Amino acid sequence: MRERLAAGAVIYPPQPFRALAVTSLPNVRAVVLGQDPYHGPGQAEGLAFSVPPGVRPPPSLRNIFEELKCGSDAASPQSGSLLAWAEQGVLLLNTSLTVEEGQAGSHARKGWEALTDRLLAEVATQASPCAYLLWGAHAQAKAALIRESAGRQGCDILVLQANHPSPLSARRPPVPFLGCGHFAQARDWLAARGHPGSFGPLSGAGPVATMPSPAGAPTHPLKG
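Read on for an overview of the structure. Here the residue numbering is sequential within each chain, running from 1 through the sequence in written order. With pLDDT at 70 or above as the cut-off, local features in this predicted model cover only qualifying residues; side-chain atom pairs require 80 or more to be listed or tallied, and sums for whole chains, interfaces and linings still use all residues. To obtain the side-chain values, all non-hydrogen atoms of the structure were used and water was disregarded.

Let's talk about the overall build of the protein
Going along the chain from the N terminus, every DSSP run of H or I of four or more residues is numbered as a helix, and every run of E of two or more is numbered as a strand. When helices and strands are counted, the protein shows eight helices and seven strands. Buried, partly exposed and exposed residues are distinguished by accessible area as a fraction of the type maximum, computed with a 1.4 Å probe on protein chains only: under 20%, between the cut-offs, and over 50%, respectively. Sorting the 224 residues of the protein into buried and exposed places 50% on the buried side. Contact between two residues is taken to exist if any of their heavy atoms lie within 4.5 Å; hydrogens are not considered. For the protein, restricting intrachain contacts to residue pairs at least 6 apart in sequence, the fraction spanning at least 24 positions comes to 74%. We get accessible surface area from the Shrake-Rupley algorithm with a probe of 1.4 Å; when it comes to residues, only the shown protein chains can shield them. Carbon together with sulfur atoms contributes 53% to the accessible area of the protein, which is approximately 10500 Å² in total.

Some details on the pattern of salt bridges
In the sections that follow, a salt bridge refers to a side-chain nitrogen of Lys or Arg positioned within 4 Å of a carboxyl oxygen of Asp or Glu. With the rule as written, the count across this model stands at four salt bridges. Two residues, Lys69 and Glu66, come together in a salt bridge whose shortest N-O distance is 3.5 Å. Given a relative accessible area of 40%, Glu66 falls into the partly exposed group.

Overview of the packing of aromatic side chains
Each aromatic ring pair is characterised by the separation of its centres together with the angle its planes make. Stacked, edge-to-face and tilted labels apply to pairs of Phe, Tyr and Trp rings (six-membered ring for Trp) whose centres lie within 6.5 Å, assigned for plane angles under 30 degrees, over 60, and everything in between, in that order. Counted according to the given criterion, the structure contains seven aromatic pairs. Taking the centre distance of 5.7 Å and the plane angle of 70 degrees together, the rings of Phe17 and Trp112 count as edge-to-face. Of the two residues, Phe17 is situated in the loop between β1 (10-12) and α2 (18-22) and Trp112 in helix α5 (residues 112-126); the sequence distance between them amounts to 95 residues. Among the residues examined, Phe17 registers a relative accessible area of 41% and is labelled partly exposed. Centroid distance Trp85 to Phe183: 5.4 Å. Interplanar angle 45 degrees. Geometry classified as tilted. Here the residue Trp85 occupies a position in helix α4 (residues 83-87), and Phe183 occupies one in helix α8 (residues 182-192), the gap between them amounting to 98 residues.

Considering the layout of surface pockets
Every definition here rests on a 1 Å grid over the protein atoms only: cavities are sets of points where a 1.4 Å probe fits but cannot get out, pockets are open sets enclosed by protein on both sides within 12 Å along at least five of seven lines, and lining residues have some atom within 4 Å of a point. Grid points are joined across faces, edges and corners, and a volume is the space filled by probe spheres set on the points. Looking at the largest pocket, its volume works out to about 480 Å³. Lining of the largest pocket is provided by 32 residues; of these, Asp36, Pro37, Tyr38, Phe49 and His164 occupy positions nearest its centre. Put simply, the parts of the chain that give the lining of the largest pocket at least two residues each are α2, α3 (59-68) and β3 (90-94). Of the residues that constitute the lining of the largest pocket, the class distribution is 18 nonpolar, 12 polar and two charged. We call Asp, Glu, Lys and Arg charged. Ala, Val, Leu, Ile, Met, Phe, Trp, Tyr, Cys and Pro are nonpolar, and the rest, Gly among them, are polar.

Spelled out as structure tokens, the structure:
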């Protein structure tokens, strides 16, 4: 990454470890596992699937909001920021913590996975109860690691798996994301164990914002 920065590459997000700073290990009650940060200007904010307020939610996030409404009359949030969930104990972790502008997956298999696998294993051995929402094959590949790590310590976990919320897979078999009921299942499971409030209301209930990323928005990416 230092070589790419020296060559003038722009790398997102500005705070790669923000998820860990906002959701400390003793507070983790759920994990949503993403693949890598958004690679467009102004989108990535160090929390998986989340974008800063004022930035139009990408398609996967819009499907997440659609699923969040499943079985309720709640309106979609105005903001695409999931910071409130992170503050409620939902670890929004990507397996690769950085990405180069305009190049999805550019930092995959560059070393981040060794760190984030260790982080997942550490969470699984300490966070109990904890719900894991694994969407898509990439996230589901971590299910065995989570179960084995939790099992060694007798931690109480719930592992939920479905397709990725991307429009390319959200409605397809074997387990469509839309209609999977993961948010309701995780909320009920955690509440039954004395931890209500996860995946609670996000700020600014109302229509999802549709404005594009503001021109000249201060994204402060890593630059060479």
